[in-house]
Amino acid sequence: AVTYVGTSKKKSTGGFLDSITSDFVSLKPKTVLYGDQGTGKTTIGCFWGSDPSNNLFMQAGETGLNTLKGARQVPSSILAYPTERISTFDHWMGALQELAAGGHKHVGGTLVVDTLGGVQTMLEAKVMREVFHGNEPEFWSYASGHKACKPYWKEMHKTLDAINANAN
């Protein structure tokens, strides 16, 4: 697990790092869990934080939470953003923007994004369709498609930061 924590503006004071300046808004901690299917990432998300009963799951192409609930391995009360509303990257961003604007009744707890792989698949489909007009060889050529995805990833990160900044 890698933990990213926002800090105030810093400038390095040694060698090569003198040329690097980082600006971070002071935000609540963010943690990224990475692992193969079945290693327990979703289960950890169900029990993460000081009050896991307030955690909110945002799922993209993921069914692990429902499987765990069905097997009674996690509390059935865990909130999940309605997954039927998220079938495209635009739906995903709309849901995040709704959370950033305070348009969801959920307060407190941790936002659990489960999984970024599903978000990536939806974004690639959007860029393939809208930017490359379905031309798959052009999308994959010299990582052109992934380069075209970059502004969308940046927008998603800005929205996640807004959610974090507005969290209680």
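About the thresholds
Numbering of residues starts from 1 in each chain and follows the order in which that chain's sequence is written. With pLDDT at 70 or above as the cut-off, local features in this predicted model cover only qualifying residues; side-chain atom pairs require 80 or more to be listed or tallied, and sums for whole chains, interfaces and linings still use all residues. For side-chain calculations, the full set of non-hydrogen atoms in the structure is used, while hydrogens and water are omitted. Numbered from the N terminus, helices here are DSSP runs of H or I no shorter than four residues, and strands are runs of E no shorter than two. Working definition: with a 1.4 Å probe on protein chains only, accessible area under 20% of the residue-type maximum means buried, over 50% means exposed, and in between means partly exposed. In this analysis, two residues are considered to be in contact whenever any of their non-hydrogen atoms come within 4.5 Å of each other. Here, Shrake-Rupley sampling with a 1.4 Å probe gives the accessible areas, and only protein chains in the shown set may cover a residue. Excluding any residue in a salt bridge, patches collect residues exceeding 30% relative accessible area, merging like charges within 9 Å and nonpolar Val, Leu, Ile, Met, Phe, Trp and Tyr side chains within 5 Å. For this analysis, a salt bridge means a side-chain nitrogen from Lys or Arg found within 4 Å of a carboxyl oxygen belonging to Asp or Glu. Each residue after the first adds 1.5 Å to the expected span of a helix. Bend, in this description, refers to the angle at a residue between axes fitted to the seven residues ending there and the seven starting there. In plain words, nonpolar cores are sets of buried Ala, Val, Leu, Ile, Met, Phe, Trp, Tyr and Cys residues tied together by side-chain atoms within 4.5 Å.

(A) How the structure looks around the overall build of the protein chain. Across its full length, the protein chain carries six helices and seven strands. Within the protein chain, buried positions represent 27% of all 168 residues. In the protein chain, the share of contacts with a sequence separation of at least 24, taken over all contacts with a separation of at least 6, comes to 59%. Put simply, the protein chain shows about 10700 Å² of open surface, and 55% of that area lies on carbon and sulfur atoms.

(B) Spotlight on a nonpolar patch on the surface. A surface patch of nonpolar side chains, about 240 Å² in accessible area, is lined by L33, I44 and W48. By secondary structure assignment, the location of W48 is in the loop between α1 (41–46) and β5 (56–59). Given a relative accessible area of 36%, W48 falls into the partly exposed group.

(C) Representation of helix α6 (residues 144–166) within the structure. The terminal C-alpha atoms of α6, which comprises 23 residues, lie 35 Å apart, in line with the 33 Å expected from a rise of 1.5 Å per residue. Bending of α6 peaks at approximately 35° at the position of K150, with proline P151 no more than four residues after it. Taken together, the buried positions of α6 are G145, A148, C149, M156, T159, I163 and N164. Residues of α6 that are buried sit in contact with β4 (30–32), α3 (89–100), β7 (111–114), α4 (116–130) and α5 (136–140).

(D) Just the nonpolar core, in detail. Counting residues in hydrophobic clusters, the biggest one holds 23 residues, and the most contacted among them are M58 and W92. Residue assignment for this core shows that the elements contributing at least two residues are β5, α3, α4 and α6. Ranked by residues supplied to this core, first place goes to α3 with seven residues. Excluding its chain neighbours within four sequence positions, the residues that come into contact with M58 are Y81, I86, W92, A95, L96, L99, L111, V112, V113 and D114. Within the second largest apolar cluster, seven residues are counted, among which are F57, L68, I78 and V112.

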